[in-house]
Amino acid sequence: MTAGPGGALLVVGDVITDIVVRPRGPLAAGTDTAASIRRLPGGAGANVACWAAQQGCEDVRLLGRVGTDAMAWHERELVAAGVRPRLVVDGAAPTGTVVCLVDAGASAERTFLTDSGASLRLAPDDWSDTLLDGVARLHLSGYLLFSAPSRALVTVVLEAARARAVPVSLDPASAGFLAELGADRFRSLVQGVEVLLPSQDEACLLTGLSRTADAAAELSRQVPWVVAKLGAQGALVARGGTVRARVRAVPATPRDTTGAGDAFTGAFLAALLSGAEPEDAAARGCRAGAEAVERVGGRPTRRGTRPSVRDGRPSVRDEQPSVWDVRASP
């Protein structure tokens, strides 16, 4: 890893409104099915930022795009989670919305119905190289690769990070959207990324290989570090074409698997920023993933509102403005 401990984490990615639906039985076509339905803040990028803050990262920043319909709510939720948001307000598209259908079975697996809305309209005009001031690590949500404006943004951001020697991580985000984008195109778009964090399905899809260990090893011939998230099977850490570590999962009783991968990523990045080696950071990720599946929604339990004090002084977060910046855009 090329960055030492300390410094801020900047996440660039999606801010989404999640509608989490947990049916109380099999879906009954043509009639009613009793269900628990909750509206929660979500989005892979925003979730990663919140988990990184919950795991002790002192300065977590988020660049995202939302509609006017839910900007204030999302801003408030992010700030309460310890994240400093820069939300670009889109005047032409609503905030992205995802309906998360959670399986009533023991696995609590989720299926997503996605309307990305404003989140995939994040574009180069929303970026400034000054956003990297004080940043030690940059993380990109893979959802940015699934629209032309945000793909252009990824290119600009990677160039800016390279110029400042800021290491970049990326989570491929969605096997379904990856299949539409194409593995070759994806791999060409992520040139310069230092850490890739695919799920088991994403790793296999990107390589055409059926075994996750082989897929992770193959991907690590292009990306220096590959950390494959395997859910209940833990994680694999690969580098230079070889699997270097197999990390055990932490036992958990799933209620909702929404955001478990985001929890892993946020905790992993927080650990790297604290100086941990990738293998130890992956173990931190597994613990956060287990915590995530035992609660509903993709975010950690909200932090308390009292300012944190260390050695009689406010923490770094207390000394900084809670809202980083909010801008309007057509």
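Residues numbered from 1 in each chain as written. Predicted model: local features only at pLDDT ≥ 70, side-chain atom pairs only at ≥ 80, totals over all residues. Heavy atoms only, no water.

*Asks:* Would you mind going over the environment of Pro85 with me for this structure?
*Replies:* You can see Pro85 is positioned in strand β5 (residues 83-90). Spatially, the C-alpha atom of Pro85 lies 9.1 Å from that of His74, the residues being 11 residues apart in sequence. (Helix = DSSP H or I, 4+ residues; strand = E, 2+ residues; numbered from the N terminus.)

*Asks:* Whenever I open this one, helix α9 (residues 278-293) confuses me. Can you help?
*Replies:* For an α-helix, 3.6 residues make a turn, and residues three or four places apart therefore share a direction. When the terminal C-alpha atoms of α9 are compared, their 22 Å separation across 16 residues agrees well with the 22 Å that a helix rising 1.5 Å per residue should span. Three or more residues of α9 are buried, namely Pro278, Ala281, Ala282, Gly285, Cys286, Ala288, Gly289, Ala290, Ala292 and Val293. (Expected span 1.5 Å × (residues − 1). Buried < 20%, exposed > 50% of the residue type's maximum accessible area, 1.4 Å probe, protein only.)

*Asks:* Explain the packing of helix α1 (residues 44-54) against helix α8 (residues 260-273) here, please?
*Replies:* Packed helix pairs are characterised by how far apart their axes lie and by the angle those axes make with each other. Contact geometry for α1 and α8: axes closest at 7 Å, N-to-C directions at 45 degrees. Comparing their axes, α8 and α1 come out oblique. Relative to α8, the crossing made by α1 is right-handed. Of α8, the residues touching α1 (which contributes Ala44, Asn47, Val48, Trp51 and Ala52) are Asp262, Ala263, Thr265, Gly266, Leu269 and Ala270. Residues belonging to the contact of α1 with α8 are distributed by class as follows: seven nonpolar, three polar and one charged. (Axes fitted to C-alpha atoms, helices over the stretch in contact; angles between N-to-C directions. Parallel < 35°, antiparallel > 145°, perpendicular 65-115°, else oblique. Left-handed = near helix turned anticlockwise from the far one by under 90°. Contact = heavy atoms within 4.5 Å. Nonpolar A, V, L, I, M, F, W, Y, C, P; charged D, E, K, R; others polar.)

*Asks:* Before we go on, may I ask you to explain the side chain of Thr207 in this structure?
*Replies:* By the element assignment, Thr207 lies in helix α6 (residues 200-207). Setting aside residues no more than four positions away along its own chain, Thr207 makes contact with Arg187, Ala215, Glu218 and Leu219.

*Asks:* What should I look at first to understand the pattern of salt bridges in this one?
*Replies:* A side chain with one charge can pair with a side chain of the opposite charge if their charged atoms come near. Tallied over the full model, the rule gives 11 salt bridges. The closest approach of N and O atoms between Asp90 and Arg65, which form a salt bridge, is 2.7 Å. With a gap of 25 residues between them, Asp90 in strand β5 and Arg65 in strand β4 (residues 60-67) connect regions that are remote in the sequence. Taking the relative accessible area as the measure of exposure, Arg65 reaches 3% and is therefore buried. Its salt-bridge partner being Glu194, residue Arg137 comes within 3.1 Å of it at the nearest N-O pair. Of the two residues, Arg137 is situated in strand β8 (residues 135-141) and Glu194 in the loop between α5 (183-189) and β10 (195-196); the sequence distance between them amounts to 57 residues. For the pair shown, Arg137 and Glu194 are each scored as buried. (Salt bridge = Lys/Arg side-chain N within 4 Å of Asp/Glu carboxyl O.)

Coordinates in, geometry out; function isn't part of it.
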